[in-house]
Structures are given as structure tokens and as C-alpha cells.
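# Summary of structural features
Read off the chains here:
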Amino acid sequence: MIEQPAFYPYLSGRNNLRVLAQVGGVPESRIDVVLKMVDLEPRARDRLQTYSQGMKQRLAIAAALLPNPRVIILDEPTNGLDPAGMVEIRDLIHTLSEQGHTIFLSSHLLFEVEQVCHRVAILKEGRVLAQGRVDELLQRGRGIQVRVVGDPARAVEVLRTVEWVGEVRQQDTLLLVAAPGSRTPEINALLARHDIPVAEIRAHEGSLEQFFLEITHHERGASQGK
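Just so it is clear, the structure is predicted and the values come from calculations on it, not from any experiment.

Now for helix 3 (residues 53–65). For helix 3, built from 13 residues, the straight-helix expectation of 18 Å at 1.5 Å per residue is met to within 8% by its first-to-last C-alpha distance of 19 Å. Burial within helix 3 is extensive, with 10 of its 13 residues counted as buried. Structurally, helix 3 contributes buried residues whose contacts are with helix 1 (13–24), helix 2 (29–37), strand 1 (71–75) and helix 4 (83–98).

Shown next, in the form of C-alpha cells:
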């Protein structure tokens, strides 16, 4: 399904699918099946020009489902939809996945990707920068967020001496510490012992959007350094 699918506005949803079925050599019996799958049966005889944007997107998914494919490619399926329409499409994608379809979703709405997809690949200029299960990629962004007062560079040095602390990244006075959230009191006490005031400390939950920004920023910096 392309980002902005086109249909005949003067035909009904059913007749638009009938045209595609005839062109593609698909039995017309599939039309009722896919209309039911996308919950468009009650409006199947209505002209397309009376459809909402969400209904048009569901009809486009129905068109993609006509030949009963094992793999479905959806390009920005929630483009232009209101929040209710976005939820409808997300629920439909979950249902199709449960029915055994493999779905490739192309989207710049990373919050949506995080909710819908099991695996993700981040692409830049045709190259894969990262790929894997969504929960595994998000795990990289989890840790402890610390905002210090005074000398953040010294705080970084102190934290890097701790055995159970992984990577420590500095963003101005904010430090992102790769450590279990349960260790928050110990980090606070450690910095206090070294006379480094802590203005804020809390568990940090990563998001796919943050991971994307971090990895593309790192890639941009590496490219500029060449």
C-alpha cells in the first residue's frame, strides 16, 4: 500500500475492489473477505467520495489483501488520520499479524512504530544503521538520568570508576548513565561523597525516537569526522 493510494471516487468501495480483482485475476469471492477484515462491510456500497480518510486507508489495505499475500508492505498507513483513525489502523495491523501475515511498515512516526512493530530497522541514505527487536533496542536507552550542579565532567569521571556502571554520556549538565534503575540511591550517594551536588536523578526509560536521534546524530558526527 503506497502512502497516498488512489481510487475511483464515483465508484463504491466494493466496485473499486472489483476493478482491482478483475485486473489482478483475483476471484471476486475475496472482496467480501477483505471488506470484513478491514471492517468496511457496512459502507461497502457507498461511493468512495463519501468515505473518511481513515476509511480510504482501510480500503487501501483491503486492496493490498486481495491476493491474500503472505507479506504486506504498508507505506505511512496512518498518514493524515486523526487519533481515532490511527488507533483503528494500528489495531488492524495487529489483527493481520495475528492472522499470520508478515507486515513491513515504513513510517517516520516512531512512537507508532514502537507500539506496532516487533522488529525495526533504522535506515539512512539506503544504509541500515541499526536493526533488531524493538525491546532490545529500547533496552540500550534505559538507565539513570542525572543532572548535576557544577562540574559534570568530573561527575562522569567518578561514575566511570564504578564497576556496575556501563557507558556514561554527557549532554551539558545532564548525564545518561547505563546502570540499573535500582542503583539510583547508590549513584546519588556516590556523587554526594565526592561533593558533586545532584539537582535531579531518576530512572531513564528510552524510546525509539530517542534511540533514532542518538544513532543518527552519532552517524552524522562520524561522517563529519572523516
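Read on for the rest.
Following the sequence through the fold, H101 ends up in the loop between helix 4 and strand 2 (102–106). Within the local environment of H101, its side chain forms a polar contact with the backbone oxygen of P69, the two atoms lying 2.8 Å apart. In contact with H101, not counting residues within four places along its chain, are M37, L65, N68, P69, R70, I72 and L96.

Right, let's talk about the nonpolar core for a bit. Core analysis: the largest hydrophobic core is formed by 42 residues, its most contacted members being L17, V38, L59, I61, L65, L66 and L74. For this core, the element with the highest residue contribution is helix 3, accounting for 7 residues. Excluding anything up to four places from it in sequence, L17 contacts I31, V34, L35, L59, A62, A63 and L66. One finds V162, V165, V168 and V177 within the second-largest nonpolar core, a separate group that totals 17 residues.

With that settled, the discussion passes to the environment of I2. When you line up the elements, I2 lands in the segment before helix 1. Each C-alpha atom, one on I2 and one on L74, is 6.6 Å from the other, the two residues being 72 residues apart in sequence.

Where strand 6 (residues 168–171) meets strand 7 (residues 174–177), 4 bridges bridge the pair, whose relative direction is antiparallel. In the sheet register, R169 faces strand 7, and the bridge partner there is L176. Hairpin remark: strand 6 followed by strand 7, antiparallel, with 2 residues in the connecting loop; positive phi at D172, about 60 degrees.

Notably, D39 is not glycine yet its phi reads approximately 60 degrees, a positive angle. As for its position among the elements, D39 is in the loop between helix 2 and helix 3. With phi around 55 degrees, N68 is a residue other than glycine that occupies positive phi space. Assignment of secondary structure puts N68 in the loop between helix 3 and strand 1. Take N68: its relative accessible area is 47%, and that puts it in the partly exposed class.

In this section: the packing of helix 1 against helix 2. When two helices pack together, their arrangement is given by the angle between their axes and by how far apart the axes lie. One way to put it is that helix 1 packs onto helix 2 with a least axis distance of 10 Å and a crossing angle of 130 degrees. Overall, the two elements helix 1 and helix 2 adopt an arrangement that is oblique. Handedness of the helix 1/helix 2 crossing: right-handed. From helix 1, R14, L17, R18 and A21 reach across to helix 2, where they touch I31, D32, V34 and L35. Residues that form the contact of helix 1 with helix 2 fall into these classes: 5 nonpolar, no polar and 3 charged.

Reading the values: the criteria
- Within each chain, residue numbers correspond to sequence positions counted from 1 in written order.
- With the structure being a predicted model, the display of local features is reserved for residues of pLDDT at least 70 and the display and counting of side-chain atom pairs for 80 or more, all residues being used for whole-chain, interface and lining totals.
- Note that the side-chain values use all heavy atoms of the structure and ignore hydrogens as well as water.
- For helices the rule is a DSSP run of H or I covering at least 4 residues; for strands it is a run of E covering at least 2, with both sets numbered from the N terminus onward.
- Expected helix span is given by 1.5 Å per residue-to-residue step, counting one fewer step than there are residues.
- Whether a residue is buried, partly exposed or exposed follows from its accessible area with a 1.4 Å probe, protein chains only, as a fraction of its type maximum: under 20%, in between, or over 50%, in that order.
- Should any heavy atoms of two residues lie within 4.5 Å, those residues are considered in contact.
- Between N or O atoms, a polar contact is any pair within 3.5 Å; within protein, one atom must be a potential hydrogen donor and the other a potential acceptor, and residues adjacent in sequence are included only when both atoms are from side chains.
- Here the nonpolar core consists of buried residues drawn from Ala, Val, Leu, Ile, Met, Phe, Trp, Tyr and Cys, with membership extended through side-chain atoms lying within 4.5 Å.
- Any two strands between which DSSP finds at least two bridges are classified as paired.
- Each axis is a line fitted through C-alpha atoms, taken for helices only over the stretch in contact, and angles between the N-to-C directions span 0 to 180 degrees.
- If an angle is under 35 degrees, it is roughly parallel; if it is over 145, roughly antiparallel; if it lies from 65 to 115, roughly perpendicular; otherwise it is oblique.
- Less than a right angle of anticlockwise turn of the near helix away from the far helix marks a crossing as left-handed, whereas a clockwise turn marks it as right-handed.
- For this classification, the nonpolar set comprises Ala, Val, Leu, Ile, Met, Phe, Trp, Tyr, Cys and Pro, the charged set comprises Asp, Glu, Lys and Arg, and every other residue, Gly included, is treated as polar.

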